[in-house]
Amino acid sequence: MTTLYQERREDATVGTQTGETLVEIDGLKTYYGGDGMFSGKPVKAVDDVNFDVRRGETLGLVGESGCGKSTLGRTLMQLETATAGDVRYDGTDITTLSGKELKEWRQNVQMVFQDPDSSLNTRMTVGEIIMEPLNVHGWKTPQKRRERVRALLEIVGLAEEHYYRYPFQFSGGQKQRVGIARALALEPDFLVLDEPVSALDVSVQAKILNLLDDLQDEFGLTYLMIAHDLSVVEHICDRVAVMYLGKIMEIGPVDAIFDDPANPYTNSLLSAIPEPDPSQEKSRITLRGTPPSPRDPPAGCVFSTRCPFKIRPEKYEDLDDDVWEAVEVFREVLRERSDVTKSAGERVRELLGMETKGMDVEEVVEDAFGDLNTPSDVRQTVDEAVEYVERDDLESAQETLRDEFGSVCEGEQPEQHQVGGTDRVSRCHRHREEYMDTQEYLRTHDFS
Ligand code: ADP
Ligand code: MG
């Protein structure tokens, strides 16, 4: 039954070695809009991304909703057009392919989508759905295509009698199996799995992940696994890339990153996973505010508006942690208010449990600084900013605070630094020699 694949498994191992580069991503940017005269600033969904995908590996891609994971995956498939940079697949720059070449190349790469309901055509039988890519590419004869579809049904754990059924007759897990069968139809080498199990019941998730794992071994597949559930990544990925606001903040082997995250954003993401053994409980890092708009990302480090590890100006290195946090909260409130890219509705949200929209600025300050023992120079700058806000000059208020409390994190984009061995990089100013590193900062400051 699986003979179609046995042929190809032999080919797949000829001249290839696990670990060699399959996809090279270099300076990749994918922006939406911003090219018309009235369209305003573009959405920088993917903004200067560099990494490799190695043959035979499962590379996880994680990050909060809206950080650009799907756009990155779709750009690798050429379903979105890159704004800049290139993607080399097996040495060929695919961002320049078109027409027949593009169609031919497409056979090598496929995508599995999060929601099997919307990705499967409800008016087609399961057999027709799986056969569709074979028809589009004029694969062999109609007879061979039918055989191929039957083989694929078996490969993904479905039965022959499912051929003539419709998607609505299937459970979520079965539908995802159909999506996987369709993705495998043309014998691809590389699959982008865009949150393939997040729409499924927990009990079904493991079965689908096991299936993907078996298929990878059997057919020598390479996966980019997009996930927001970190436990999925921990269990099935070899390496992981952590994304925030269009950028890869850290990338490296899963074990190393989970044991000892180097980047502040990775630290924050991982600290949100409950620890099974309470005696091992790490301090929880709560992120304040919301990610800035990708239309208007921060000028320095993209994470700087929310980073609990942000480098302070020298003058305030020893400032009480709670006062520093109050300053940061105040700044975040002003940033949210000034974010013209957000609708009024979006702006009305809770920030640290407080509703800030209708709140008078004096109240915000009162709430943030409360009865903290605030040094007079801090207080003076905050008061100055409050005055500007009261005169409706948000920009000067923000500038005043930036001049006093800003640091390299807001001024310069961090470079990628090698951290903990040759196979890991992280983008953060804290990796520079002159600054205290993330772990040391975590030990010496109050995160409660
Ligand atoms: P993720 O998959 O991480 O949730 P996406 O790649 O879907 O993120 O989206 C990244 C950003 O790009 C978001 O701000 C989103 O609103 C925006 N975006 C996604 N698709 C489009 C589109 N077709 N047009 C305009 N903006 C888009
Ligand atoms: Mg997505």
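All figures in this text were calculated on a predicted structure; none of them were measured in a lab.

Engineer: Any chance you could explain a negative patch on the surface here in plain terms?
Structural biologist: A surface patch of negative charge is lined by Asp360, Glu362, Glu363, Glu366, Asp367, Asp371 and Glu390. Top element by residues in the negative patch is helix α14 (residues 361-369). It accounts for 4 residues. Here Asp360 shows up in the loop between β12 (354-355) and α14. In this structure Asp360 comes out as partly exposed when scored by relative accessible area, which is 38%.

Engineer: Please explain the layout of surface pockets as it appears in this structure.
Structural biologist: A water-sized probe, rolled over the atoms, reveals where empty space remains. Of the pockets and cavities examined, the largest pocket occupies roughly 630 Å³. Considering the residues around the largest pocket, the lining is formed by 24 residues, among which Pro298, Thr305, Arg335, Gln398 and Arg402 are closest to the centre. Looking at the lining of the largest pocket, the elements that each hand over two or more residues are α12 (321-338) and α16 (394-405). Tallying contributions element by element places α12 first for the lining of the largest pocket, with 6 residues. Of the residues that constitute the lining of the largest pocket, the class distribution is 7 nonpolar, 6 polar and 11 charged.

Engineer: Teacher, can you tell me more about the environment of Arg177 here?
Structural biologist: Turning to its location among the elements, Arg177 is positioned in helix α7 (residues 172-184). For Arg177, a relative accessible area of 15% corresponds to the buried category. Sequence separation between Arg177 and Leu158 is 19 residues; the distance between their C-alpha atoms is 7.5 Å. Residues in contact with Arg177, not counting those within four places in the same chain, are Val156, Gly157, Leu158, Lys207, Ile208 and Leu211.

Engineer: Can you help me understand the nonpolar core in this one?
Structural biologist: Note on soluble globular proteins: their nonpolar side chains tend to be buried together. Within the largest apolar cluster, 63 residues are counted, with the highest numbers of intra-cluster contacts made by Ile180, Leu184 and Leu215. In terms of residue count, the dominant contributor to this core is helix α8 (residues 202-219) (6 residues). In this structure, Leu22, Leu28, Val109 and Ile248 belong to the second largest nonpolar core, which totals 31 residues.

Engineer: Explain the sheet that holds strand β8 (residues 222-227) to me, please; I cannot follow it from the model alone.
Structural biologist: Sheets are built from strands paired through backbone hydrogen bonds, the pairs being either parallel or antiparallel. With respect to topology, 8 strands assemble into an open sheet ordered β6-β7-β8-β3-β9-β10-β14-β13, the strand pairing being mixed. In this open sheet, the two edge strands, each paired with only one partner strand, are β6 (109-112) and β13 (416-418). Along the sheet, successive strands turn relative to each other by an average axial angle of 20 degrees, direction set aside. As judged from the 4 bridges shared by strand β3 (residues 58-62) and strand β9 (residues 239-244), these two strands associate in the parallel manner. The residue bridging Leu61 from the neighbouring strand is Ala241, located in β9. Along the sheet, α7 makes contact with β6 and β7 (190-194), crossing β6 at roughly 170 degrees. Set on the sheet, helix α11 (residues 264-271) makes contact with β3, β9 and β10 (247-253); between it and β9 the angle comes to about 100 degrees.

Engineer: Would you explain the pattern of salt bridges in this entry?
Structural biologist: Pairing between side chains becomes possible if they bear opposite charge and their charged atoms approach one another. Per the stated rule, a full pass over the model turns up 27 salt bridges. When the shortest N-O distance is used, the salt bridge between Arg424 and Glu250 registers 2.6 Å. On the criterion of sequence distance, the pair formed by Arg424 in the loop between β13 and β14 (425-427) and Glu250 in strand β10 is long-range, its members being 174 residues apart. As far as the burial class goes, Arg424 and Glu250 line up, both buried. Here Glu412 makes a salt bridge to Arg432, at a shortest N to O gap of 3.4 Å. Here the residue Glu412 occupies a position in the loop between α17 (408-411) and β13, and Arg432 occupies one in the loop between β14 and α18 (438-444), the gap between them amounting to 20 residues. Several salt bridges share partner residues, and in doing so they unite Glu24, Asp26, Asp86 and Arg88 into one network.

Engineer: What exactly am I supposed to notice about the packing of helix α15 (residues 376-390) against α16 here?
Structural biologist: At their nearest, the axes of α15 and α16 sit 7 Å apart, and the two run at 165 degrees to each other. What the angle tells us is that α15 and α16 run roughly antiparallel. Every pair of crossing elements has a handedness; the one defined by α15 and α16 is right-handed. Of α16, the residues touching α15 (which contributes Val378, Thr381, Val382, Glu384, Ala385, Tyr388 and Val389) are Leu394, Ser396, Ala397, Thr400, Leu401, Glu404 and Phe405. Here the residues of the contact of α15 with α16 are counted per class, giving 9 nonpolar, 3 polar and 2 charged.

Engineer: How should the site of ligand 1 be read in this particular structure?
Structural biologist: All residues adjacent to ligand 1 are Tyr32, Val43, Ala45, Glu64, Ser65, Gly66, Cys67, Gly68, Lys69, Ser70, Thr71 and Pro294. Gly66 has a polar backbone atom sitting 2.6 Å from an oxygen atom of ligand 1. Contacts to ligand 1 include Lys69, whose side-chain N or O atom sits 2.8 Å from an oxygen atom. With the chains in place, 60% of the 560 Å² that ligand 1 exposes on its own is no longer accessible. Contributions of two or more residues to the shell around ligand 1 are made by β2 (43-54) and α2 (69-76). Residue contributions to the shell around ligand 1 peak at 3 residues, all from α2.

The rules behind the values
Residues numbered from 1 in each chain as written. Chains lettered and ligands numbered in written order. Predicted model: local features only at pLDDT ≥ 70, side-chain atom pairs only at ≥ 80, totals over all residues. Heavy atoms only, no water. Patch = residues over 30% accessible without salt bridge, like charges linked within 9 Å, V, L, I, M, F, W, Y side chains within 5 Å. Areas by Shrake-Rupley, 256 points an atom, 1.4 Å probe, with all protein chains shown as cover. Salt bridge = Lys/Arg side-chain N within 4 Å of Asp/Glu carboxyl O. Lys, Arg positive; Asp, Glu negative; His and termini not counted. Charge placed at Lys NZ, Arg CZ, Asp CG, Glu CD. Helix = DSSP H or I, 4+ residues; strand = E, 2+ residues; numbered from the N terminus. Buried < 20%, exposed > 50% of the residue type's maximum accessible area, 1.4 Å probe, protein only. 1 Å grid on protein atoms, 1.4 Å probe; cavity = no way out; pocket = protein on both sides within 12 Å on 5 of 7 lines; lining within 4 Å. Points joined across faces, edges and corners; volume = space filled by probe spheres on them. Nonpolar A, V, L, I, M, F, W, Y, C, P; charged D, E, K, R; others polar. Contact = heavy atoms within 4.5 Å. Core = buried A, V, L, I, M, F, W, Y, C linked by side-chain atoms within 4.5 Å. Pairing = 2+ DSSP bridges. Axes fitted to C-alpha atoms, helices over the stretch in contact; angles between N-to-C directions. Parallel < 35°, antiparallel > 145°, perpendicular 65-115°, else oblique. Left-handed = near helix turned anticlockwise from the far one by under 90°. Near = heavy atom within 4 Å. Polar contact = N/O pair within 3.5 Å; in protein donor to acceptor, adjacent residues only side chain to side chain.

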